[in-house]
Each structure stands twice: as C-alpha cells, then as structure tokens.
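A look at the structure
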Amino acid sequence: MSEFEPWDALERSAHARWTACGDGQMIWRLWGSGEPLILLHGGAGSWLHWFHVIPALAARRLVIVPDLPGLGSSALPPAGADGPELAAILLAGLAQVLGPEVDYDLAGFSFGGVLAGLMAATAPPGTARSLTLVGSGGLGVIRGTASLVRVRDKSGFERAQAHRTNLSRWMIADPGKIDDLAVAIQDWNSHRARFDSRPIGTSDVLLAALPGLRIPVAGIWGGHDHAVEGRPERAEAVLRRLCPGLAFTVIPDAGHWVAHEAPDVFVGCLVDTLSPFGPPRS
C-alpha cells in the first residue's frame, strides 16, 4: 500500500482529457457532475494544489482541474508565452472539454488567479459566469521578501528539509500543517515545473483586465499570506477599486496555500461565494 494512497486514488477516480498546448498537450482532470467549476493551481504547481478540497467540491459540482502549461503533466506553451497567450490556450482547451457554449465558474490560486482573471476577461460572452481569486497574483501587490532555499541540487532528506523550509517561508503559516503529504506534493510539483510563472504572478496584468468584467468577482485570502506579508487588505483595496461589488473573505489563521492549510474552511467560503451566482443558463 502506498504511503500516499489517497493521492493515487483521487487521481485514478478522475476522468482525464487532453487538449493542445504548444508542441504537445495539456491535461484536464474532471470529477463529479453538475455545474462546472474550473480550478487553476498556483505557480510551480499542479492539480495537487487542490488535493484536499476536490472531493468536497466534486460532491456538489463538476470540478475541472488542469495542469497549467509547462507545469505538472502538461506540455510547455510556445516560447515566450505571456499571460494573455496562456489564457487563450486555456480557453481553447476548455471549449473542447466542456463545449463552446457551456457556462462555468472560475477560481484561481496565486498564478492561477492571474490566468483565471485573464480568461474571464476574454471568454466568449455568457460562458464565464463568476471569478474567485484565491491569494492571486497579477494585482501588483505581491511584496513577499522570503528567501527560498534552492531545491534542485538536493536529494533525499536534504531535499525534503528544503521543501519544509520553503513551505514555511511562503506557502503555509502553521508549521504543524507542513506534513509529509504537503512535502510530497511540493516535491512532485517541483520536479515537473518547467515554466517560470513568477514574472506573470508578480505583475499587475489584472489591473487592466478586471474593470471590464460584468460578472461577480470574489477574493479569498489567507490572513497570514506571506506573498502580501500577512496583509491581505492590500489585495482587497486594489480589488475593491477594480470591482466595486467584490465579496472578499479572509481566512484568519492560514497562509498563502489556503486550500491545503484550511481545506474545510476554504470549501465553506468558496461554496458561500458561489451560491449567490444562481443556476447555469437553461
């Protein structure tokens, strides 16, 4: 029996779809049924950023989680691809996975929040019906100054310890939540991260994209999110200027990776956020 059998079992239970990405393909994993909810993971990550919350969300919705281009099991995007080009790849792929006129809710974590916002801004009318940003980049507010430990030149125990240090400095506020599973996810992701998302994540590319949205926008941030030096009000202030009807929730004791550190609270917040948005189109 594998030490991380729940990880393997959850992946085996997914329905996988593949769509074009650069010279290869990107993978989309689907669970559940009903109204589609698209979850986009963070930089240097994969679908595993959502591992803890997929089962609860899939009990309510059709949950669709891609590995973003150049990350996880997905191929690299074309050389020099920027945020809008990545969003275009995702929109084209999603139209194949769901069909061109099916509507859906979008939620994106960190780098995935940037791409979710760009997708919402350029999606065909009537398809993207809500946007939830989770510790998102692209707002020009990332101010974290944590020094991360180099991992790629390490192996075994030394590599695991480096992951624990980096998780503590950037991703997870409570050291007690940095368990073996979190380290294993971080290690799996880091081995497969070939696209450097940092220039996009630390940019302000969403400042021009969000004001034109005509759909509900929400934010969920950890109260101790290292990316904003524990001051989620920085992100809230920017978002309220761009999206006056914003619903913004802070999960007090969590860090940047809120869906892993506080999964039950996160699911409750996301479900509450999505519930006012109404049923899909008939």
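Our structure's up above, just so we're on the same page.
Residues numbered from 1 in each chain as written. Predicted model: local features only at pLDDT ≥ 70, side-chain atom pairs only at ≥ 80, totals over all residues. Heavy atoms only, no water.

Re helix α4 (residues 111–122)
For clarity, the cut-off: Numbering of helices and strands runs from the N terminus; a helix is a DSSP stretch of H or I covering at least four residues, while a strand is a stretch of E covering at least two. Helices are assigned an expected span. That span is 1.5 Å times one less than the residue count. Categorising residues by exposure relies on relative accessible area from a 1.4 Å probe, with only protein chains included: less than 20% of the type maximum marks a residue as buried, more than 50% marks it as exposed, and the intermediate range marks it as partly exposed. Contacts were defined at the residue level, with two residues in contact if any of their heavy atoms lie within 4.5 Å.
The end-to-end C-alpha distance of α4 is 17 Å, a good match for the 16 Å that 12 residues give at a rise of 1.5 Å each. Of all the 12 residues making up α4, 10 are buried; the element is thus mostly covered by neighbouring parts of the structure. The complete set of buried residues in α4 reads F111, G112, G113, V114, L115, A116, G117, L118, M119 and A120. The secondary structure elements touched by the buried residues of α4 are β3 (36–40), α3 (83–98), β5 (104–109), β6 (128–134), α7 (198–201) and α8 (206–209).

Considering the nonpolar core
To keep things clear, this is the line we draw: What is meant by a nonpolar core is a set of buried Ala, Val, Leu, Ile, Met, Phe, Trp, Tyr and Cys residues, joined one to another through side-chain atoms within 4.5 Å.
Core analysis: the biggest nonpolar cluster contains 52 residues, and Y104, L106, L131, L139 and L210 have the highest contact counts within it. Of all the elements, α3 adds the most residues to this core, at 8 residues. With residues up to four places along the chain from it excluded, the contact list for L139 reads S203, D204, L206, L207, L210, W221, A235, V238, L239 and L242. If you look at the next biggest cluster of nonpolar residues, it comprises 42 residues, including A14, W31, W50 and W257.

Quick word on the environment of G176
Its location among the elements puts G176 in the loop between α5 (156–171) and α6 (180–192). For G176, a relative accessible area of 63% translates into the label exposed. Between the C-alpha atoms of G176 and E261, which are 85 residues apart in sequence, the distance is 9.6 Å.

Remarks on the side chain of H49
Rule in force here: Nitrogen and oxygen atoms within 3.5 Å of one another constitute a polar contact, given that in protein one can donate a hydrogen and the other can accept it, and given that sequence-neighbouring residues count only through two side-chain atoms.
Positionally, H49 belongs in the loop between β3 and α2 (54–58). Within the structure, H49 has its side chain in polar contact with the backbone nitrogen of G42 (distance 3.1 Å). Apart from the residues within four sequence positions on either side, H49 is in contact with H41, G42, G43, F109, M171, N189, W257 and A259.

Side note on the environment of A116
Along the chain, A116 falls in helix α4. C-alpha of A116 to C-alpha of T19: the two residues are 97 residues apart in sequence and 18 Å apart in space. A116 has contacts with L40, L106, A107, G108 and L131, leaving out every residue within four places of it along the chain.

Concerning the pattern of salt bridges
Rules: Between Lys or Arg on one side and Asp or Glu on the other, a salt bridge is scored when a side-chain nitrogen of the former is within 4 Å of a carboxyl oxygen of the latter.
The full count for this structure, using the stated rule, is 14 salt bridges. When the shortest N-O distance is used, the salt bridge between D105 and R61 registers 2.4 Å. With D105 in strand β5 and R61 in the loop between α2 and β4 (62–66), the pair connects residues that are 44 residues apart, well separated along the chain. When its relative accessible area of 10% is taken as the criterion, R61 is described as buried. Note that D180 and R164 form a salt bridge whose closest N and O atoms lie 2.6 Å from each other. Here D180, found in helix α6, pairs with R164, found in helix α5; they are 16 residues apart in sequence, far enough to count as distant. One salt-bridge network, in which partners are shared between bridges, spans E35, R61, D105 and R129.

Focus on unusual backbone geometry
In this structure, S110 takes a positive phi of about 55 degrees despite not being glycine. One can find S110 in the loop between β5 and α4. Notably, E229 is not glycine yet its phi reads approximately 55 degrees, a positive angle. Note on placement: E229 falls in the loop between β7 (217–222) and α9 (233–242). On the accessibility criterion, E229 (41% relative accessible area) is partly exposed.

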